Amino acid sequence: MKCPRCGAWSDVAATRPLFRGFVVQRSRDCANGHRFQTYEIGSAALGTVRARLRDASITAERRALQYRRDAEIARRLERGEQGRHLAAEYGLSTSSVSLINRARIRKSCKP
Ligand SMILES: [Zn+2]
């Protein structure tokens, strides 16, 4: 297998079974000294691995959307918009908006 960093051929340095042997992790070293890992997934475990990857990406996407929303609310609070109006607009409780506001104040107080 070629190194993802430099394209040189690699050798297997170590092999480790994971998840009761359904997944095999290999550490590989290329001719230029780059170490990287590959994972070999048995077909019996493929469905589970796919489901976990899907769940992880859904969670990451949800967090990114929430982060963007909170940043927007913080900017609007900064400009003097009313917390209760923003709460109604975003479908949040006023205490959620207060938490976002407190996080904003904490950040702006940092040196
Ligand atoms: Zn390399």
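This is a predicted model, so every value here is computed, not measured. (Residues numbered from 1 in each chain as written. Predicted model: local features only at pLDDT ≥ 70, side-chain atom pairs only at ≥ 80, totals over all residues.)

*Asks:* So what's going on with the domain arrangement of the protein chain? Residues and values would help.
*Replies:* Taken domain by domain, the protein chain holds domain 1 (1-41) and domain 2 (47-111). When each unit is reduced to the centre of its C-alpha atoms, the spacing between domain 1 and domain 2 is 38 Å. (Domains from an automatic or database assignment.)

*Asks:* Report on the environment of Glu-40, specifying residues and quantitative values.
*Replies:* Tracing the sequence through the fold places Glu-40 in strand β3 (residues 35-41). It is 42 Å that separates the C-alpha atoms of Glu-40 and Glu-72, two residues lying 32 residues apart in sequence. (Helix = DSSP H or I, 4+ residues; strand = E, 2+ residues; numbered from the N terminus.)

*Asks:* How would you explain the environment of Ser-98 if you had to name every residue and give the values?
*Replies:* Residue placement: Ser-98 occurs in helix α3 (residues 94-109). In the structure, Ser-98 is positioned 19 residues away from Arg-79 in sequence and 15 Å away in space, judged by C-alpha atoms.

*Asks:* Before we move on, could you go through the sheet that holds strand β2 (residues 23-30) and cite the residues and values that matter?
*Replies:* Sheet architecture is open: three strands sit in the order β1-β2-β3, paired in antiparallel fashion. Every interior strand has two partners, whereas the edge strands, β1 (10-18) and β3, have only one. In this sheet, neighbouring strand axes are inclined to one another by 25° on average, regardless of whether the strands run parallel or antiparallel. Bridge analysis of β2 against β3 gives seven bridges, and the strand direction is antiparallel. Across the sheet, the residue bridging to Asp-29 is Arg-35, located in β3. (Pairing = 2+ DSSP bridges. Axes fitted to C-alpha atoms, helices over the stretch in contact; angles between N-to-C directions.)

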